[in-house]
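# Topology and contacts: notes
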2 protein chains.
Amino acid sequence: MLDATSSYKPMGRRIPTPLNRRIPVDDDRTGHRIVPETIRRSDRAPENRYGNRPTMKDVAARAGVGLKTVSRVVNGEPGVTPETERRVQEAIDALGFRRNDSARVLRKGRTASIGLVLEDLADPFYGPLSRAVEEVARAHGALLINGSSAEDPDREQELALALCARRVDGLVIIPAGDDHRYLEPELKAGVATVFVDRPAGKIDADCVLADNHGGARDGVAHLIAHGHRRIGFIGDMPRIHTAAERLRGYRAAMEDAGIPVEDSWMSLGVTDPERVRRAAEEMLTGPSPVTAIFTGNNRVTVTVIRVLAEQTRPVALVGFDDIELADLLQPGVTVVAQDAASLGRTAAERLFRQLDGTLVTPERIELPTRLITRGSGELAPRG
Amino acid sequence: MLDATSSYKPMGRRIPTPLNRRIPVDDDRTGHRIVPETIRRSDRAPENRYGNRPTMKDVAARAGVGLKTVSRVVNGEPGVTPETERRVQEAIDALGFRRNDSARVLRKGRTASIGLVLEDLADPFYGPLSRAVEEVARAHGALLINGSSAEDPDREQELALALCARRVDGLVIIPAGDDHRYLEPELKAGVATVFVDRPAGKIDADCVLADNHGGARDGVAHLIAHGHRRIGFIGDMPRIHTAAERLRGYRAAMEDAGIPVEDSWMSLGVTDPERVRRAAEEMLTGPSPVTAIFTGNNRVTVTVIRVLAEQTRPVALVGFDDIELADLLQPGVTVVAQDAASLGRTAAERLFRQLDGTLVTPERIELPTRLITRGSGELAPRG
DNA sequence: TAGAGCCTGGACAACGTTGTCAGATCCAGG
DNA sequence: CCTGGATCTGACAACGTTGTCCAGGCTCTA
């Protein structure tokens, strides 16, 4: 579970208890808490716990109306005279009352919030995706809670379950792991769930994916069409679905062209800049040096661009994922672009359709990718 | 308030009520709901509402123990025999029970979640900031709820207050507006609050800012040091604090150098690419054409880079905010960099120190910026 | 003016959890 | 066999909100 590492214990028991202290006031004598004598409900002081926030009861007392009447005003329900409404509103403003949605949620059973578990919010690919999900959520009156799994399956599970404990109405998950059976009780309990970017593992659930295989195949075929035969591939661990699919696309394109792939052309499971750099340099200088490289994701692409900028001979490059400013580099970077915002939007819309009830059967949707030629992928083979 | 635009009404009243239906089962006769005869609490069926999720009561019934014992096991409190614990754990697993944190929150008064209101999650500047806040929150066992204001003060307020209604323990706000008195009741109620990137308006609160004024002044001074005298400035609306400060820094540097600024060199309040492009082109071709441009934020910088790439004469450029791949462009882009992650981390840490109680008096913290020279800012004046 | 029908307002119980407190059980020591 | 003290367990009342239902007061018609 999530664990505090400092002295702030959000749910702890050691918090100095200003929240629990009953403040003794004017003509009230409930300050004593030793004797639990049956406390009449209605003659409590307007002050209460919860950081001293006024409640509907306080508002009601001040406005001289019943509790439910306040609730009606707050929620804009009909059946309140303008005069009464005015009095209530006045009390609300005077006390600075704000409805406690936690209590509301408990009562109503829906939280009007959805959870998003992604890999890293700081990654330029996930920012727009997250924003797209947020926009859809907003259009449906829901808030978005999100968390980064840092590509760690345990952390993904921990996060997803923490969100379920908050009783989010739905979950959008970019999986890090490949076994999601831990979500079965949640699905059964009616938590709407959509997986994005990578499919769910071992459970039947909605997935919205990019056409990783086709995109990679097109990208590599593009290089082949420009005369390359020794083409390198640098990608993430094949454990990750997208990485595996893109690798498969690479292999498919090579096979279609009848080109046997040498092991030294492929580097799998490297993402940190240092190792990507080494991998790229090795395949450029090895016994059978590549004339072109296909990179499996944006981070790899950026590092490889740096390596290629240092080379004397021109090496062609096609990258998966678009990157900002790719058009301004020399040469411009040819990429297989997937639309992150569209992925997020599609997923979120399906999520709310699940909640609507208009969507029942889980589906697997693949969004097309787009090859954007800018120069680096059109270089002729040299060396 | 947040309003649904589709048929999914998270909190609405028209939801078909599977959640409220009491399911009649085996030997239970509480299916009738007409007669409200005093229902004995303990002989309800194990089924209940809330999407049919098991509750502690259900677990207790199945394990043959009391409600509180289940609570103890779930929360790892002491005082439960191993044998009892085993039985409870078994029931938990069998039923797929997951504690309802909404109810917990209601009872305990703390939600172990914090809110982040920023401008646009898709902006590469805010991604890392958000991630940094999340990491700190995670270290403190809290979840992060975030929302984008889209630079709209009303939307900022709507979001912040929605988060307060959820009773987040604290708020990190990147303000869009300049009047935050609406937060006064919340602050008084003990919601920890830190403003980042831009200061709070009309209330006394913690702020973590970058040294916008000093950074801009240094950047412009750098251009002046390289011989430029006709220097353009393109920035956001001065209504936005950061934009105003950077403009002030620009003016200060010019004044320090004794250079009078011409109106045609300044373009304020433009951010969309079209207008930035026009603004840049105008100051490059006007009666007193600039030889260098200082750009007020990353989005403007990117657009101006494109414009400059089309020019025949070299024009110097220094931009506020670092941008990815800036080093690989020709020439490399000289920037005044601020550390987004550090801003977020500092803010979040202060937030939790407020919650700790170790931090009381609001402060205004300015983090230094860093001039990174890469070429574009060192071009000599031409034209 | 009486009765029927509407409108408004309020009492009350639930939602699922945790804190309090008292009761039950067990064992060692007399 | 009893007593005293640990342990362990469970009944109960909150937390702040909303759904249900009923009681008045009002208006309108006959």
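One structure accompanies this document, and this report is about it.

This part takes up the relation of the copies chain A and chain B. For the match of chain A to chain B, the screw axis carries a shift of 0.0 Å, the RMSD comes to 0.1 Å, and the turn is 180°. The superposition operator between the copies reduces to a two-fold rotation axis. The C-alpha atom lying nearest the rotation axis in chain A is that of Ile 145 of chain A; the distance is 2.1 Å.

So, about the protein's contact with DNA strand C. Looking at DNA strand C, there are 31 residues lining it, with Gly 66, Thr 81 and Thr 84 of chain A together with Ser 71 and Arg 107 of chain B nearest. The sugar-phosphate share of atoms of DNA strand C within 4 Å of the protein amounts to 62%. Within the contact set of DNA strand C, a phosphate oxygen lies 3.4 Å away from a backbone nitrogen or oxygen of Gly 79 of chain A. In the environment of DNA strand C, a phosphate oxygen lies 2.7 Å from a nitrogen or oxygen atom belonging to the side chain of Thr 81 of chain A. At the level of secondary structure, the elements contributing two or more residues to the surface near DNA strand C comprise α2 (67-74) and α4 (101-108) of chain A together with α2 (67-74) and α4 (101-108) of chain B. When residues of the surface near DNA strand C are assigned to their parent elements, the largest contribution, 4 residues, is made by α4 of chain B. Of the residues belonging to the surface near DNA strand C, the class tally is 10 nonpolar, 9 polar and 12 charged.

Residue and element names in this part refer to chain A. For helix α6 (residues 153-165), with 13 residues, the first-to-last C-alpha span of 18 Å sits near the 18 Å given by 1.5 Å per residue. Within α6 the residues assigned to the buried category are Arg 155, Glu 156, Leu 159, Ala 160, Leu 161, Ala 162, Leu 163, Cys 164 and Ala 165. At the N-terminal boundary of α6, the capping side chain belongs to Asp 152, with an oxygen 2.9 Å from the backbone nitrogen of Asp 154. Two residues or fewer after α6 comes Arg 167, characterised by a positive phi angle close to 60°.

Another point: the sheet that holds strand β4 (residues 192-196) of chain B. Taking strand neighbours across the sheet as the criterion, the 12 strands line up as β11(A)-β5(A)-β4(A)-β3(A)-β1(A)-β2(A)-β2(B)-β1(B)-β3(B)-β4(B)-β5(B)-β11(B) in an open arrangement whose pairing is mixed. The strands lining the two open edges of the sheet, one partner per strand, are β11 (364-367) of chain A together with β11 (364-367) of chain B. Going across the sheet, the axis of each strand differs from the next one's by a mean of 20°, ignoring polarity. Bridge analysis of strand β1 (residues 113-118) of chain B against strand β3 (residues 170-173) of chain B gives 4 bridges, and the strand direction is parallel. Residue Ile 114 of chain B lies in a different strand from β3 of chain B, and its bridge partner there is Gly 170 of chain B. Those strands touched by helix α6 (residues 153-165) of chain B are β2 (143-148) of chain A together with β1, β2 (143-148) and β3 of chain B, and its axis lies near 175° from that of β1 of chain B. The strands touched by helix α12 (residues 340-356) of chain B within the sheet are β1, β3, β4, β5 (206-210) and β11 of chain B, with β4 of chain B carrying the most contacts at an inclination of about 160°.

Conventions and cut-offs
Residues numbered from 1 in each chain as written. Chains lettered and ligands numbered in written order. Predicted model: local features only at pLDDT ≥ 70, side-chain atom pairs only at ≥ 80, totals over all residues. Heavy atoms only, no water. Least-squares fit on C-alpha atoms with pLDDT ≥ 70 in both. Near = heavy atom within 4 Å. Polar contact = N/O pair within 3.5 Å; in protein donor to acceptor, adjacent residues only side chain to side chain. Helix = DSSP H or I, 4+ residues; strand = E, 2+ residues; numbered from the N terminus. Nonpolar A, V, L, I, M, F, W, Y, C, P; charged D, E, K, R; others polar. Expected span 1.5 Å × (residues − 1). Buried < 20%, exposed > 50% of the residue type's maximum accessible area, 1.4 Å probe, protein only. Pairing = 2+ DSSP bridges. Axes fitted to C-alpha atoms, helices over the stretch in contact; angles between N-to-C directions. Contact = heavy atoms within 4.5 Å.

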